[in-house]
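Listed below are the residues making up each chain.
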Amino acid sequence: MSTIVRKSPLPRYYQLKEIMREKIRNGEWKPGDLIPSERELGEQYGISRMTARQAITELVNEGLFYREQGKGTFVSRRKITQQLIHLTGFTEDMKARGQQPGTRVLSAEMRPADEAVAERLRIKPGLQIFRLHRLRLADGEPLAIEVSHISFIGCEKLLEEDLEHNSLYRLLETKYGLPLLEADQELEAGLIGSEEAQYLKVPVGSPALFTRRVTYTERNQPIEYASSVYCGNKYVFYTHMKREQ
Ligand code: GLP
């Protein structure tokens, strides 16, 4: 389909969505390209601006396009396929994909563990832990928000680290000598809330993937409990399963 068929039973906004999808599929529109404005699309396809807007908005919500305020709407990069087989950190994952990892520290503090965090970290509630709230980016595009709760003797030293330019996993393993051996992780579908929407630059109510991970160091000792919110339309999680013999 390359034009809008007036007599078609398919709504016009839907036809325009399919036309734009095809342009991405056949490479005419590439990741990072600015797409035509609502007015231009309207004129080109003989439809109203409202119809063009609806088609664009739906493709933004599906993650195929993203908007930049004052600049326009662009074609998104392909989704990130995140394996769930090996225990890796964000920095490693992005580097392996050839993307530049980025971090904005939203807060870093020592605070007493509440009941829920204490249970995950197998410590007594009220014990001081290091809490790190970060926005994670790849090539400047915000992808996830993570809150890490870290517990080990001397974890307050993390307050002095430059966590905008250093990987937490790398610091723990190389500087603090704490090998990260295993993790348990849960995934849950949800929606982006208003605070997250601002940081992740997506509309409130867009799809989200919540993950909760407990990472263990030697002797099955939990060292990190992290809860993360990923843009649901930018990620595909992948695992490999073997049937029990
Ligand atoms: C992933 C995990 C987090 C972990 C982070 C470490 O994103 N979900 O639990 O804290 O990796 O990433 P980095 O080593 O880049 O700080």
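What counts as what
- Residues numbered from 1 in each chain as written.
- Predicted model: local features only at pLDDT ≥ 70, side-chain atom pairs only at ≥ 80, totals over all residues.
- Heavy atoms only, no water.
- Helix = DSSP H or I, 4+ residues; strand = E, 2+ residues; numbered from the N terminus.
- Buried < 20%, exposed > 50% of the residue type's maximum accessible area, 1.4 Å probe, protein only.
- Salt bridge = Lys/Arg side-chain N within 4 Å of Asp/Glu carboxyl O.
- 1 Å grid on protein atoms, 1.4 Å probe; cavity = no way out; pocket = protein on both sides within 12 Å on 5 of 7 lines; lining within 4 Å.
- Points joined across faces, edges and corners; volume = space filled by probe spheres on them.
- Nonpolar A, V, L, I, M, F, W, Y, C, P; charged D, E, K, R; others polar.
- Core = buried A, V, L, I, M, F, W, Y, C linked by side-chain atoms within 4.5 Å.
- Contact = heavy atoms within 4.5 Å.

Our focus in this paragraph is unusual backbone geometry. Located in the positive-phi region is K201, a residue other than glycine, with phi close to 55 degrees. By the element assignment, K201 lies in the loop between α7 (194-200) and β8 (207-217). Overall, K201 belongs to the exposed group, its relative accessible area being 66%.

A word on the pattern of salt bridges. Here the structure, examined in full by the defined rule, presents 17 salt bridges. Among the salt bridges present, the one from R25 reaches E22, with a minimum N-O distance of 3.2 Å. Of the two residues, R25 and E22 are both situated in helix α1 (residues 12-25); the distance of 3 residues between them amounts to about one turn of the helix. A relative accessible area of 31% means that E22 is categorised as partly exposed. In this structure, K175 engages E161 in a salt bridge whose closest nitrogen and oxygen atoms are separated by 2.9 Å. Taken together, the positions of K175 in helix α6 (residues 168-175) and E161 in the loop between β6 (141-150) and α6 put the pair 14 residues apart, joining distant regions of the chain. Residue classification places K175 among the exposed positions, given a relative accessible area of 55%. The exposure class assigned to E161 is buried, which follows from its relative accessible area of 15%.

A word on empty space enclosed by the protein. Scanning the entire structure with this criterion turns up 1 cavity of 30 Å³ or more. In this structure, the largest cavity spans a volume of roughly 270 Å³. Lining the largest cavity we find 23 residues, and of these G89, F90, E146, Y169 and R213 sit closest to its centre. Within the residue set of the lining of the largest cavity, elements represented by two or more residues are α4 (90-96), β5 (128-138), β6, α6, β8, β9 (221-231) and β10 (235-238). With 4 residues, the top contributor of residues to the lining of the largest cavity is β9. Along the lines of polarity and charge, the residues of the lining of the largest cavity split into 8 nonpolar, 9 polar and 6 charged.

Let us look at the nonpolar core. Counting 16 residues, the largest nonpolar core has L16, M20, Y45, I56 and F65 as its most contacted members. With 5 residues, helix α3 (residues 49-61) is the single largest residue contributor to this core. Ignoring any residue separated from it by four or fewer positions in sequence, one finds M20 in contact with W29, L41, A55, I56, L59 and F65. Core analysis: the next-biggest nonpolar cluster, separate from the first, contains 15 residues, L158, L171, Y176 and L178 among them.

Distances and angles like these do not, on their own, reveal function.
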